[in-house]
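Understanding the architecture of this molecule
Below, each chain spelled out in residue letters.
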Amino acid sequence: MALDQNEVLAGLAEIVNEETGIATEKVQLDKSFTDDLDIDSISMMTIVVNAEDKFGVKIPDEEVKNLITVGDAVNFIVNA
Amino acid sequence: MTQRIVVTGIGATTPLGGDAKSTWAALLAGESGISTLEQEWVAKYELPVTFAGQAKVPAAEVLTPQEAKRLDPSSQFALVAGREAWADAGSPAVEPERLAVEFATGIGGVWTLLDAYDTLKERGPRRVMPMTVPMLMPNGPAAAIGMDIAARGGVRTAVSACASSTEAIANAITRLRSGEIDIVVAGGAEAAIHPMPIAAFASMHALSRRNDEPQAASRPYDTSRDGFVMGEGAGAVVLETLEHAQARGARIYAELVGGAVTSDAYHITAPDPEGSGAARAMIAALKQAGARPEDVVHVNAHATSTPVGDIAEYTALKRVFGDHLSNIAVSATKSSTGHLLGGTGAIEAIFTILALHERVLPPTINLVEQDPEIPLDVVTSPRPLPDGKHLAISNSFGFGGHNAVVAFSTYVA
């Protein structure tokens, strides 16, 4: 069963909040992880691994660099 | 003329208290910071030692969740103590390039290292988090403080087991006298109350096994002492040149007048029974201070409560001070705090500084029957220090044959 986009966004926002302290409501689809949310590469890798655990998906390392915005990550997880 | 160095800030988080003030108050009150470990792993692994000196205030309760998440417990303690010391010094506006950190640890990020290895074995390499390396590295505590206060004059880590943080303070002297920097945050941290280090220290019969009476277990100089008690936490001091401190009108606790390190090259863990390396370190620190052994009134001894270590230190003290030793008041504060390994020298330096500043020597608890082979004048209840200028030293010795000694004097302008 495909995951719902809103559920994934909410779950991802929780992971981002837990790792960085950024408020969940600031984690929106159009926000860039690096430019808007100021998330560094180490936090990004931690978020990716935690997202894999949470959503039961695999996000290959070579794919991570393509996940520019929160929306990119949500779409990847929904379609995975 | 040699640049004078003064202490302008102190910070600590220890088994006795979450800051320097509460730690000092509990020490003077003769409290013990040692307690039975309630963690499930004590029974799970059937550890032969079931108690330790756990930090009175967990660092994770003081830091933000995000700070705590990215720092090994050793770095968490370091950041707590470092911030307190820096604030205590007045959070001075300084040139970052002339601000340095000398912050030690004996073991490093052992919790992070072992947790990550468990993760690797149980869940595979992908689940080993990317922060693992910066969290486990022994310079992590120093780096955490350096980042926090924007120290760009060099951030270094002395690693010499239980002598580490005394060595870090001694190293700060060299940096300050080089003229390259004006101010340093120095000290050390340890967070090794984990089943593996407990098993390892117990395996070498270094730890007390007084499981039924944890608060009485750390008993330096007592005939029934049977080993040291592990503690955790951190101590930090702000050291600066007198010129710099005066220019900004800083409150001065004491003067750091000497610091020296030597090594035994005798045995990897056993102290040299002749105490010659330890004695040379004390003599070198006094020489730097321009002082004679007869000038010393107080020693905060290393005194871990091991049968052989306490005697070896006594032998070294006797070599240095001779007959004057009977005039020196000795405090063995590990009786209250336990042994903070790489953090121990820093908190004992703070106790020495406060003893001079507040003119009261801290007590040694649990001394019921003094070992006749160690006839020291041991301070067993807070003892006032008369007016005047006094000189005191703090000793630290570590596995590897490391000896480190720092000397403080009452500050007189």
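Thresholds applied
Numbering of residues begins from 1 in every chain and follows the order in which that chain's sequence is written. In the order they appear in the text, chains get letters beginning with A and ligands get numbers beginning with 1. In view of the model being predicted, local features appear only for residues whose pLDDT reaches at least 70, and side-chain atom pairs are presented and counted only at 80 or more, with totals across whole chains, interfaces and linings using the full set of residues. The side-chain numbers reported here are obtained from all heavy atoms of the structure, hydrogens and water having been left aside. Secondary structure elements are taken from DSSP: a helix is a run of H or I of four residues or more, a strand is a run of E of two residues or more, and numbering for both begins at the N terminus. We compute the radius of gyration from the C-alpha atoms alone; for a globule the expected value is 2.2 Å times N to the 0.38, where N is the number of residues. We call a residue buried when its accessible area falls under 20% of the maximum for its residue type, exposed when it is over 50%, and partly exposed in between, using a 1.4 Å probe and counting protein chains only. By this rule the span expected of a helix is its residue count minus one, scaled by 1.5 Å. The contact definition used throughout considers only heavy atoms, calling two residues in contact when any of these lie within 4.5 Å. What pLDDT reports is the predictor's confidence in each residue, on a scale of 0 through 100. Note on definitions: buried area is the accessible-area loss of two parts on being combined, 1.4 Å probe, summed for both. Salt bridges are defined by distance alone: a side-chain nitrogen of Lys or Arg within 4 Å of a carboxyl oxygen of Asp or Glu. Here the term charged refers only to Asp, Glu, Lys and Arg, the term nonpolar to Ala, Val, Leu, Ile, Met, Phe, Trp, Tyr, Cys and Pro, and the term polar to all other amino acids, Gly among them. Buried Ala, Val, Leu, Ile, Met, Phe, Trp, Tyr and Cys residues form a nonpolar core when they are joined through side-chain atoms within 4.5 Å. For the domains described, the bounds stem from an automatic or database domain assignment. When two rings of Phe, Tyr or Trp (its six-membered ring) have centres within 6.5 Å they constitute a pair, described as stacked for plane angles under 30 degrees, edge-to-face for angles over 60, and tilted for the intermediate range. Counting of polar contacts relies on pairs of N or O atoms within 3.5 Å, with two restrictions inside protein: one atom must be capable of donating a hydrogen and the other of accepting it, and residues adjacent in sequence are counted only when both atoms are side-chain atoms. Throughout, an axis means a line fitted to C-alpha atoms (over the contacting stretch in the case of helices), and angles, computed between N-to-C directions, take values from 0 to 180 degrees. Following DSSP output, two strands are said to pair if at least two bridges run between them.

**Some remarks on the overall build of chain B**
Along its length, chain B carries 14 helices and 15 strands. Taken over C-alpha atoms, the radius of gyration comes to 20 Å for chain B, in line with the 22 Å a tight globule of 413 residues would show. Seen through its principal axes, chain B has C-alpha atoms that stretch 60 × 55 × 40 Å. Burial statistics for chain B: of 413 residues in total, 60% are counted as buried.

**Focus on helix H2 (residues 41-55) of chain A**
Residue and element names in this part refer to chain A. The end-to-end C-alpha separation of H2 is 21 Å, in line with the 21 Å expected for 15 residues at 1.5 Å each. Buried residues of H2: Ser43, Met44, Thr46, Ile47, Val48, Val49, Ala51, Glu52 and Phe55, and no others. Looking at the buried side of H2, the elements it contacts are helix H1 (5-20), helix H3 (61-64) and helix H4 (70-79). Looking one or two residues past H2, Gly56 carries a phi angle of roughly 65°, positive in sign.

**Quick notes on the confidence of the model for chain B**
For chain B, the average pLDDT comes to 97, and 100% of its residues sit at 70 or higher. Reported for the predicted complex are a pTM of 0.95 and an ipTM of 0.82.

**A word on helix H11 (residues 276-288) of chain B**
Each α-helix turn comprises 3.6 residues. Residues three or four places apart therefore point the same way. Residue and element names in this part refer to chain B. Across its 13 residues, H11 extends 18 Å between first and last C-alpha, which sits within 8% of the 18 Å expected from 1.5 Å per residue. Looking at H11, one finds that the buried residues are Gly277, Ala278, Ala279, Ala281, Met282, Ala285 and Leu286. Looking at the buried side of H11, the elements it contacts are strand E8 (254-263), strand E9 (296-300), helix H12 (307-321), strand E14 (391-398) and strand E15 (402-409). Directly beyond the C-terminal end of H11, a positive phi value near 65° is found at Gly290.

**Points about the interface of chain A and chain B**
Interface size is commonly expressed as the accessible area that is lost once the parts come together. The interface of chain A with chain B comprises 18 residues on the first partner and 9 residues on the second. Surface buried jointly by chain A and chain B totals about 1100 Å² across both partners, of which 45% is contributed by carbon and sulfur atoms. In this structure, B:Arg70 and A:Asp40 form a salt bridge, with 3.0 Å as the shortest nitrogen-oxygen distance. Counting residues per element, the ones that place at least two in the side of chain A that touches chain B are H1 and H2 of chain A. When residues in the side of chain A that touches chain B are grouped by element, the largest group, 9 residues, is from H2(A). When its residues are assigned to classes, the side of chain A that touches chain B shows 5 nonpolar, 6 polar and 7 charged.

**Considerations on the pattern of salt bridges**
A full pass over the atoms with the stated rule returns 30 salt bridges over all chains. The residue B:Arg70 makes a salt bridge to A:Glu19 at a minimum N-O spacing of 3.8 Å. Within this pair, whereas B:Arg70 is found in the loop between helix H3 (65-69) and helix H4 (73-88), its partner A:Glu19 is found in helix H1, the two belonging to separate chains. Judged by its relative accessible area of 7%, A:Glu19 falls in the buried class. Residues B:Glu180 and B:Arg175 are paired through a salt bridge, measuring 3.1 Å at the closest nitrogen-oxygen approach. Residue B:Glu180 is classed as partly exposed on the basis of its relative accessible area of 48%.

**Here we look at the nonpolar core**
Note on soluble globular proteins: their nonpolar side chains tend to be buried together. Residue and element names in this part refer to chain B. In terms of nonpolar packing, the biggest core is built from 40 residues, with Val7, Ile10, Ile169, Val237, Leu239, Leu256 and Phe408 touching the most fellow members. Counting residues per element, this core draws most heavily on helix H14 (residues 344-358), at 8 residues. Taken domain by domain, this core gets at least three of its residues from each of domain 1 (5-247) and domain 2 (259-409). Excluding anything up to four places from it in sequence, Val237 contacts Val7, Gly9, Ile10, Ala85, Ile169, Val184, Val185, Ala186, Ile350 and Ile353.

**With respect to the packing of aromatic side chains**
Residue and element names in this part refer to chain B. By the definition in use, this model includes 4 aromatic pairs over all chains. Considering the side-chain rings of Trp41 and Trp111, the 6.4 Å spacing of their centres and the 55° angle between planes classify their relative orientation as tilted. Highlighted residues: Trp41 in helix H2 (residues 40-44) and Trp111 in helix H5 (residues 110-123), separated in sequence by 70 residues. Where Phe201 meets Phe399, the ring centres are 6.4 Å apart and the plane angle is 45°; that geometry is what we call tilted. Of this pair, Phe201 sits in helix H9 (residues 195-203) while Phe399 sits in the loop between E14 and E15, placing them 198 residues apart in sequence. Aromatic rings pair up to connect Phe201, Phe228 and Phe399 into one cluster.

**A short note on the side chain of B:Ser164**
All names here are of chain B. With respect to the helices, strands and loops of the structure, Ser164 is situated in helix H8 (residues 164-177). At 2.5 Å, the side chain of Ser164 forms a polar contact with the backbone oxygen of Ala161. Setting aside residues no more than four positions away along its own chain, Ser164 makes contact with Ala104, Thr105, Gly106, Ala158, Val159 and Gly342.

**Thoughts on the packing of H8(B) against H14(B)**
In a packed pair of helices, the relevant descriptors are the angle between the two axes and the axis-to-axis distance. All names here are of chain B. Between H8 and H14, the least distance of the axes is 5 Å, while the angle of their chain directions is 65°. Facing H8, whose interface residues are Ser165, Thr166 and Ile169, H14 presents Thr344, Gly345, Ala346 and Ala349. Here the contact of H8 with H14 is built from residues that sort into 3 nonpolar, 4 polar and no charged.

**Considering the sheet that holds E15(B)**
Residue and element names in this part refer to chain B. Pairing in this open sheet of 11 strands is mixed, and the strands run E5-E4-E6-E7-E1-E8-E15-E14-E9-E10-E12 from one edge to the other. Only two strands of the sheet have a single partner each, and these edge strands are strand E5 (155-156) and strand E12 (377-378). Summarising the sheet, E14 and E15 pair through 8 bridges and their orientation is antiparallel. Following the sheet pairing, Leu391 is matched in E15 by Ser409. Sitting on the sheet, H4 is in contact with strand E1 (5-13), strand E4 (99-105), strand E6 (183-190) and strand E7 (233-241), with an inclination near 135° to E1.

**Things to note about the pairing of E1(B)**
All names here are of chain B. The element E1 is extensively covered by neighbouring structure, given that 9 of its 9 residues are classed as buried. Across 8 bridges, E1 lies against E7 in antiparallel orientation. When the bridges of E7 are listed, Thr13 appears paired with Ala234. Here 3 bridges tie E1 to E8, and the two strands are oriented antiparallel to one another. When the bridges of E8 are listed, Val7 appears paired with Ala254.

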